[in-house]
Amino acid sequence: MNIDKKIVDDFVANEISFVTTVPCKQLAGVIQEVEERDSIFHIPSNKEDEGMGLCAGAFMGGKRPAIIMQNTAIGVTINTLATLTQFYRMPLPMIISYRGELREPVACQVEMAVHTKALLAQMNIPTYHFHWQSDVKEFDNILKYTFMCNKPVAILTDANFWGGYGDQ
Amino acid sequence: MIRSEILKEIAPIIRDHLVVCNIGLPSQELHLIDDQPTNFYMLGTMGLSSSIGFGLALSQDKPVISIDGDGSVLTNLGTLPTIANNETGNYTLLIIDNGSYGSTGDQPTYAGQKTSLAAVAVACGCENVIEVQDKDLGPVLQAAIDSDEMTVIVCKCDSGNIKLPVITLDPVVIRHRFMEAVKS
Ligand SMILES: Cc1ncc(C[n+]2csc(CCOP(=O)(O)OP(=O)(O)O)c2C)c(N)n1
Ligand SMILES: [Mg+2]
């Protein structure tokens, strides 16, 4: 299975048409796939809170948005999640590369990894963790759930899910 | 002129358009001067007025005006390259540059010192950037809304605030009536 394609197919099937991204090495394939789809407007943002602002506007303009970012961005976006996305009750699927988990080669990534789930839990953000490629089967249901309840929802995707880091 | 005087003057120009308004006193003033369902009041999240308005402009055809502040643009400077590189003609960014963090007591910002937000916007790739003095804003804003080109306006004005109440509207109510206005 090509998981990049599956994720973006599910975006399209759920009428997600506005996607903002800040890259992570693990997310390169899915970002490329988003860029190539005609039915999705891809707008790279410079910081993830900025991206969440764009998504809030897009939602109010009648589009279904999504953000793709690294878990380190949880540290950047707490205020925006609380005072914009949650306070105004807006849906936002967040595909998050879960760096600093098993098979991680970069020690610094572990420093945010150990806080990631605790921060999301503290924020009462529904959180799913994809560890095996087959976990992606749930993605379509998670998107439907997000737009049903009008909440930000986190999908953590770890290195094992993406197939490791190759030779590095 | 101070911000509240500017908002009073431009209220008739922006009344029928979608407006995203900056956190704090700017939203409180606009709410007091001319509350409209077409106004989206930010109750928090300093810095994102330009981003919210831009996402909205990209997602539907009506004109959108983001009313922002110099301090808020400085905190989200990354917004300017994003706006410049994804241009949409229905978008106007109005930065009310009073050279201070007005809502928190007029502490000076760097925009009131050596930093020119208009020059920053140009350097970021914005093509129509107009720096204007407060008393000349009206016609410039009207022209920007009427034109098919995206415009960034930096309106230089005095710092200073009036006393006024906070907004007690529930955020979901603000958002709901705004979305209804977007659709209508
Ligand atoms: C992250 C964060 N830091 C600080 C504040 C406090 N704060 C609210 S409004 C504001 C000033 C905004 O200044 P500016 O955008 O220039 O608008 P003005 O009030 O001057 O029109 C500040 C510092 C905040 N809301 N959020
Ligand atoms: Mg100011």
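Figured I'd write up the structure that's included with this text. (Residues numbered from 1 in each chain as written. Chains lettered and ligands numbered in written order. Predicted model: local features only at pLDDT ≥ 70, side-chain atom pairs only at ≥ 80, totals over all residues. Heavy atoms only, no water.)

## Comments concerning the site of ligand 1
Residues and elements named next belong to chain B. In the vicinity of ligand 1, 15 residues are found, and the nearest of them are Arg3, Asp70, Gly71, Ser72 and Gly102. Contacts to ligand 1 include Asn22, whose side-chain N or O atom sits 3.2 Å from an oxygen atom. Contact between ligand 1 and Ser100: an oxygen atom at 2.8 Å from a main-chain N or O atom of the residue. In the complex, 73% of the free accessible area of ligand 1, which totals 590 Å², lies under the protein chains. Taken together, the elements giving at least two residues each to the shell around ligand 1 come down to α4 (70–75) and β5 (100–101). Of the residues forming the shell around ligand 1, the biggest block, three residues, is contributed by α4. Of the residues in the shell around ligand 1, the class split is four nonpolar, nine polar and two charged. (Near = heavy atom within 4 Å. Polar contact = N/O pair within 3.5 Å; in protein donor to acceptor, adjacent residues only side chain to side chain. Areas by Shrake-Rupley, 256 points an atom, 1.4 Å probe, with all protein chains shown as cover. Helix = DSSP H or I, 4+ residues; strand = E, 2+ residues; numbered from the N terminus. Nonpolar A, V, L, I, M, F, W, Y, C, P; charged D, E, K, R; others polar.)

## Overview of the sheet that holds strand β5 (residues 127–130) of chain A
All names here are of chain A. Across the sheet, which stays open at both edges, the six strands sit in the order β2-β1-β3-β4-β6-β5 with parallel pairing between neighbours. Each edge of the open sheet is held by one strand with a lone partner, namely β2 (41–44) and β5. Mean inter-strand twist for the sheet, computed between neighbouring axes without regard to direction, equals 20 degrees. Looking at chain direction, β5 and strand β6 (residues 152–158) are connected through four bridges and run parallel. Across the sheet, the residue bridging to Phe130 is Thr157, located in β6. (Pairing = 2+ DSSP bridges. Axes fitted to C-alpha atoms, helices over the stretch in contact; angles between N-to-C directions.)

## Observations concerning the coordination of the magnesium ion (ligand 2)
All names here are of chain B. Donor atoms from the polypeptide that coordinate the magnesium ion (ligand 2) comprise Asp70 (OD), Asn98 (OD1) and Ser100 (O), at 2.1 Å from the metal. Of note, the donors binding the magnesium ion (ligand 2) are all from one chain and are spaced D-x27-N-x1-S. Taken together, the positions of Asp70 in helix α4 and Asn98 in the loop between β4 (91–97) and β5 put the pair 28 residues apart, joining distant regions of the chain. With respect to burial, Asp70 and Asn98 carry one shared label: buried. (Donors = N, O, S within 2.8 Å, 3.2 Å for Na, K, Ca; no water. Buried < 20%, exposed > 50% of the residue type's maximum accessible area, 1.4 Å probe, protein only.)

## What to know about the interface of chain B and chain A
Contacts between the two partners involve 28 residues from chain B, matched on the other side by 26 residues from chain A. Here chain B packs against chain A, burying approximately 2,100 Å² in sum over the two surfaces, 66% of which is carbon and sulfur. It is Thr45, Ser59 and Arg175 of chain B in chain B that bury the most area against chain A; as a group they hold 25% of the surface buried on that side. On inspection of chain B and its partner chain A, the count reaches zero salt bridges. (Contact = heavy atoms within 4.5 Å. Buried area = accessible area lost by both parts, 1.4 Å probe. Salt bridge = Lys/Arg side-chain N within 4 Å of Asp/Glu carboxyl O.)

## A short note on the environment of Phe147 of chain A
Residue and element names in this part refer to chain A. Position of Phe147 relative to the elements: it lies in helix α6 (residues 139–149). Taking the C-alpha atoms as reference, Phe147 lies 25 Å from Gly29; in sequence the two are 118 residues apart. Leaving out residues up to four positions away in the same chain, Phe147 has contacts with Ile16, Arg64, Pro65, Pro91 and Pro93.

## Structural notes on the sheet that holds strand β3 (residues 64–69) of chain B
Residues and elements named next belong to chain B. The strand order across the open sheet built from six strands is β2-β1-β3-β4-β8-β7, with neighbouring strands paired in parallel fashion. The sheet is open, and its two borders are formed by β2 (39–41) and β7 (129–133), each paired with just one other strand. On average, each strand axis in the sheet is tilted by 20 degrees relative to the strand beside it, whichever way the strands run. Taken together, the four bridges between strand β1 (residues 18–21) and β3 define a ladder with parallel strand orientation.

## Regarding the nonpolar core
Core analysis: the largest hydrophobic core is formed by 62 residues, its most contacted members being Met60 of chain A together with Phe40, Ile52, Ile67, Leu94, Leu137 and Leu141 of chain B. Beyond its immediate stretch of four places on either side in the chain, Met60 of chain A contacts Met90 of chain A together with Phe40, Ile52, Leu56, Arg175, Phe178, Met179 and Val182 of chain B. By size, the runner-up hydrophobic cluster in this structure holds 25 residues, among which are Ile3, Cys24, Val34 and Ala66 of chain A. (Core = buried A, V, L, I, M, F, W, Y, C linked by side-chain atoms within 4.5 Å.)

## Things to note about the packing of helix α3 (residues 48–60) of chain A against helix α3 (residues 49–59) of chain B
Their axes nearest at 6 Å, the elements α3 of chain A and α3 of chain B cross at an angle of 45 degrees. Taken together, the axis directions place α3 of chain A and α3 of chain B in an arrangement best described as oblique. Taken as a pair, α3 of chain A and α3 of chain B cross one another with a handedness that is right-handed. Residues Glu50, Gly53, Leu54, Ala56, Gly57, Ala58 and Met60 of chain A of α3 of chain A touch α3 of chain B, and the partners they reach there are Ser51, Ile52, Phe54, Gly55, Leu56 and Ser59 of chain B. (Parallel < 35°, antiparallel > 145°, perpendicular 65-115°, else oblique. Left-handed = near helix turned anticlockwise from the far one by under 90°.)

## Side note on helix α8 (residues 171–183) of chain B
Its 13 residues give α8 of chain B an end-to-end C-alpha distance of 18 Å, which sits within 8% of 18 Å, the value for a rise of 1.5 Å per residue. Burial in α8 of chain B covers these residues: Pro171, Ile174, Arg175, Phe178, Met179, Ala181 and Val182 of chain B. For α8 of chain B, the arc enclosing every buried residue in end-on projection is 160 degrees, short of the 170-degree limit, so these residues lie on one face. In the core, the buried residues of α8 of chain B are packed alongside α3 of chain A together with β1, β2 and α3 of chain B. (Expected span 1.5 Å × (residues − 1). Arc of directions from axis to C-beta.)

## Observations concerning the packing of aromatic side chains
Residue and element names in this part refer to chain A. Applying the stated criterion across every chain yields a total of 10 aromatic pairs over all chains. Seen from their ring centres, Phe11 and Phe139 are 5.8 Å apart, and the 55 degrees between their planes marks the pair as tilted. Here the residue Phe11 occupies a position in helix α1 (residues 3–13), and Phe139 occupies one in helix α6, the gap between them amounting to 128 residues. Both rings, one in Phe130 and one in Phe139, keep their centres 6.4 Å apart while their planes meet at 80 degrees; by these two values the pair is edge-to-face. The pair Phe130 / Phe139 is uniform in exposure class, with both members buried. What links up through ring pairs into an aromatic cluster is the set Phe11, Phe130, Phe139, Phe161 and Trp162. The ring of Phe147 has Arg64 lying over it, and the distance from NZ or CZ to the ring centre is 4.2 Å. (Phe/Tyr/Trp six-rings, centres within 6.5 Å; stacked < 30°, edge-to-face > 60°. Lys NZ or Arg CZ within 6 Å of the ring centre and 35° of its normal.)

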